[in-house]
Protein chains: 2
Amino acid sequence: MPEANSKTECFVGVDLGGTKILAGVFDGQLNCIGRNKMSTKADRGAEAVIERIARCVQDAVDECDLNLKQVRGIGIGAPGAIDPESGKVVFAPNLQWKDVALKKQLEKHLDIPVFLENDCAGAMLGVYETELQAKPKYVVGIFLGTGIGGGIVIDGKLYTGFNGSAGEIGHMVIELEGPKCNCGNRGCFEAIASRTAIFRQIHNAIKDGQKTLLTEMLGNDLNDLRSGDLRKAIRKGDNFVKKIVEEVAHHTGIAVANLINIFNPEVVILGGGVIDALQDEMMPIIIDTAKNTAMSGTIKGIQIMASKLGDNAGITGGAVLAKKQTK
Amino acid sequence: MPEANSKTECFVGVDLGGTKILAGVFDGQLNCIGRNKMSTKADRGAEAVIERIARCVQDAVDECDLNLKQVRGIGIGAPGAIDPESGKVVFAPNLQWKDVALKKQLEKHLDIPVFLENDCAGAMLGVYETELQAKPKYVVGIFLGTGIGGGIVIDGKLYTGFNGSAGEIGHMVIELEGPKCNCGNRGCFEAIASRTAIFRQIHNAIKDGQKTLLTEMLGNDLNDLRSGDLRKAIRKGDNFVKKIVEEVAHHTGIAVANLINIFNPEVVILGGGVIDALQDEMMPIIIDTAKNTAMSGTIKGIQIMASKLGDNAGITGGAVLAKKQTK
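Residues numbered from 1 in each chain as written. Chains lettered and ligands numbered in written order. Predicted model: local features only at pLDDT ≥ 70, side-chain atom pairs only at ≥ 80, totals over all residues.

### Focus on the domain arrangement of chain A
Residues and elements named next belong to chain A.
Part 1 of the reasoning: Here the domain parsing of chain A yields domain 1 (2-125 + 313-325) and domain 2 (134-307).
Part 2 of the reasoning: Each of domain 1 and domain 2 has a C-alpha centre, and these two points are 26 Å apart.
Part 3 of the reasoning: On the side of domain 2, 14 residues touch domain 1, which itself brings 12 residues to the contact.
Part 4 of the reasoning: Elements with a minimum of two residues in the side of domain 1 that touches domain 2: β5 (81-83) and α4 (119-130).
Part 5 of the reasoning: At six residues, the largest contribution of residues to the side of domain 1 that touches domain 2 is made by α4. (Domains from an automatic or database assignment. Contact = placed C-beta atoms within 7 Å. Helix = DSSP H or I, 4+ residues; strand = E, 2+ residues; numbered from the N terminus.)

### Brief notes about the sheet that holds strand β1 (residues 10-16) of chain A
Residue and element names in this part refer to chain A.
Part 1 of the reasoning: The sheet built from five strands is open, its strands ordered β3-β2-β1-β4-β8 with mixed pairing. Two strands lie at the open edges of the sheet, namely β3 (32-39) and β8 (114-118), each paired on one side alone. Between one strand axis and the next, the sheet turns by 20° as a mean value, whatever way the strands run.
Part 2 of the reasoning: In the sheet, strand β4 (residues 71-78) pairs with β8 via five bridges, with the strands oriented parallel. Bridge pairing links I74 to V114 in β8.
Part 3 of the reasoning: Along the sheet face, helix α2 (residues 46-63) touches β1, β2 (20-27), β3 and β4 and points at about 145° away from the line of β3.
Part 4 of the reasoning: Running at roughly 105° to β8, α4 makes contact with β1, β4 and β8 of the sheet. (Pairing = 2+ DSSP bridges. Axes fitted to C-alpha atoms, helices over the stretch in contact; angles between N-to-C directions.)

### Focus on the relation of the copies chain A and chain B
Part 1 of the reasoning: Between chain A and chain B, which share one sequence, the superposing operator has a rotation angle of 180° and an axial displacement of 0.0 Å; the RMSD is 0.0 Å. Taken together, the rotation and translation relating the two chain copies correspond to the operation of a two-fold axis.
Part 2 of the reasoning: Most of the interface of chain A is mirrored in chain B, where 100% of its interface residues are also at the interface. (Least-squares fit on C-alpha atoms with pLDDT ≥ 70 in both.)

### Observations regarding helix α2 (residues 46-63) of chain B
All names here are of chain B.
Part 1 of the reasoning: Under the 1.5 Å per step criterion, the end-to-end length of α2 is 25 Å for 18 residues, consistent within 8% with the ideal 26 Å.
Part 2 of the reasoning: Among the residues of α2, V49, I53, A54, C56, V57, A60 and V61 are the ones counted as buried. Taken down its axis, α2 places every buried residue within 160° of arc, on the same side. Exposed side chains of α2 directed beyond 90 degrees from the buried face belong to E47 and A48.
Part 3 of the reasoning: Residues of α2 that are buried in the fold lie against β1 (10-16), β2 (20-27), β3 (32-39), β4 (71-78) and α3 (102-110).
Part 4 of the reasoning: D65 occupies a position one or two residues after α2 and carries a positive phi of about 55°. (Expected span 1.5 Å × (residues − 1). Buried ≥ 20, exposed ≤ 12 C-beta atoms within 10 Å, placed from the backbone. Arc of directions from axis to C-beta.)

### Quick notes on unusual backbone geometry
Residue and element names in this part refer to chain B.
Part 1 of the reasoning: Of note in this structure, D65 is not a glycine but carries a positive phi near 55°.
Part 2 of the reasoning: Of note, the phi angle at E177 is positive, near 65°, even though the residue is not glycine.
Part 3 of the reasoning: One can find E177 in the loop between β11 (157-158) and α5 (189-193).
Part 4 of the reasoning: When the 8 C-beta atoms within 10 Å are taken as the criterion, E177 is described as exposed.

### Regarding the environment of T196 of chain A
Residue and element names in this part refer to chain A.
Part 1 of the reasoning: With respect to the secondary-structure elements, T196 resides in helix α6 (residues 195-207).
Part 2 of the reasoning: Accessibility expressed as a C-beta count within 10 Å gives 17 for T196, which makes it partly exposed.
Part 3 of the reasoning: A sequence separation of 100 residues divides T196 from Q96, and the C-alpha atoms of the two residues are 18 Å apart.

### What to know about the interface of chain A and chain B
Part 1 of the reasoning: Chain A puts 37 residues into the contact, and the matching count from chain B is 37 residues.
Part 2 of the reasoning: For the side of chain A that touches chain B, the secondary-structure elements that each account for two or more residues are β6 (88-92), α9 (239-263) and α11 (296-299) of chain A.
Part 3 of the reasoning: When residues in the side of chain A that touches chain B are grouped by element, the largest group, six residues, is from α9 of chain A.
Part 4 of the reasoning: Grouping the constituent residues of the side of chain A that touches chain B by class yields 19 nonpolar, 14 polar and four charged. (Nonpolar A, V, L, I, M, F, W, Y, C, P; charged D, E, K, R; others polar.)

### So, the pairing of strand β9 (residues 139-144) of chain A
Residues and elements named next belong to chain A.
Part 1 of the reasoning: Of all six residues that make up β9, six are buried, and the element is covered over most of its length.
Part 2 of the reasoning: Both β9 and strand β10 (residues 148-154) contribute to a ladder of six bridges, which runs antiparallel. Residue pairing across strands places V139 opposite V153, the latter belonging to β10.
Part 3 of the reasoning: Note that β9 and strand β12 (residues 267-271) share five bridges and pair parallel. Within the sheet, the bridge partner assigned to G141 lies in β12 and is I269.

Take a look at the structure:
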């Protein structure tokens, strides 16, 4: 009974975001056997959010016809600076968290070992362990979503630096005096190429009288705008949206070149909601720009590609983390 | 006779630049006991340059009352992409070299083992081994001279990446559509904050009628302008030069913050001719800007400082390399 057997031990990965909690149940071979999604409701405070994470995990496990006793470990990626040793979220601006003992409190709720990682480092771990079969020694992962984050692999291991916060590539300034970023600086990669940055540009242009299919699809306030809507508009012939997405792809390509010049990795892998939705539109431009911009010596033999894990990178990374730690 | 004893074995470090060759003789404890400088004359071709390197080394050794038989090894830092295994300079635009067998040819001239490294990686090695006594695990070195290069230490070892070309931080774009760089792109850190970039700004401003003490000191064409002249002009009250240097320091601070956000190193160390000459003017601004720009989580406990090795970083690194390799 291989199926029943593999079901007797499972791992849960959690991707904790500013707006949603995603929990995935994985078998011992790290196949995803079920997912559950819940809104974060960060405004209710850390305790309430941790209760929601616990419920989200319970529901995901239950949905797979499993019970919590079969879960050997839970790995969580949290959006911000974390301390893996103490299991604390040191600082997570999107959650308005500071020094939250996430590991300890969630273990109290569920009575299962919990392991903590930064969300993008976690996503990198998921991509590296399940998607990059050749196990390249040096990898840079770039995740474009609401914000932009990075994950770095050096010598086949996650690289997190001196304070555990390496990989904040979203706050690499690529345009001195560029658009204002949430971090307070100007011209960060995230302020230019994240979903937030794209949507801001679109909103501003509409305010200035720009016509676009997006308003026909979603109404004038674009309340429910998602990355996928941009793809739909482009495929229907919306040149305004096309131009914005192409420019963002070009700027992302320059950021990729920066990271290639600095790290000289073997593989650059791009993921996150924006890439997931706009892969066909963006990846050719990103690859072209990066190859034309990086120093000729550094680019040789380097692969630049999109992750196939999409939204599942974070939960997969959580499961990988849990599996590694409970070995 | 400890002195005679230490003199019986020595190492030579060579810093091969586009305009000058610097050779240093080091005792077994890596103290510099003599230096020699020669112009490169790159336009005469690789063979002639390699002959000049050999002469520069011979003269430096002779000047120390030593002979070549006492030199256990020679370490060279070359400005470009190198292949340490084959000892070839793969590509060095400033020398107009492509696939030059520097190690082999120089060994033929001198009959001493020769070891090759990229110039900035070599300078980083020199700084790390002789200056950073605490042996931090993660270090980023930034060298501002004619161009800008970097050296990276991870886990206490020089990090050179997949093709051996990691650390090309001078070609990190920090201003989309910024000033043109020699590499063909726009807005590279090097095109904004290298000596070349500073001098270009000064020349252009003078052409536009800007008054400065520099022309009084050096004549209208500023033919012999050096970084040290900027310091002299600033100390004599030249506000135009002061403003340019302060702006360059500010932009360098932003580049430092980028590298801190990406690498989260323990130490950032700045060196090269520009920093050597303008340390007092630039370092306070670089440190302030970097601390204000980097993410609050990443900056904690990180030291940002100037190297004391100055122009000797490259030759020291060469000697370290030679000593390590001949052990």
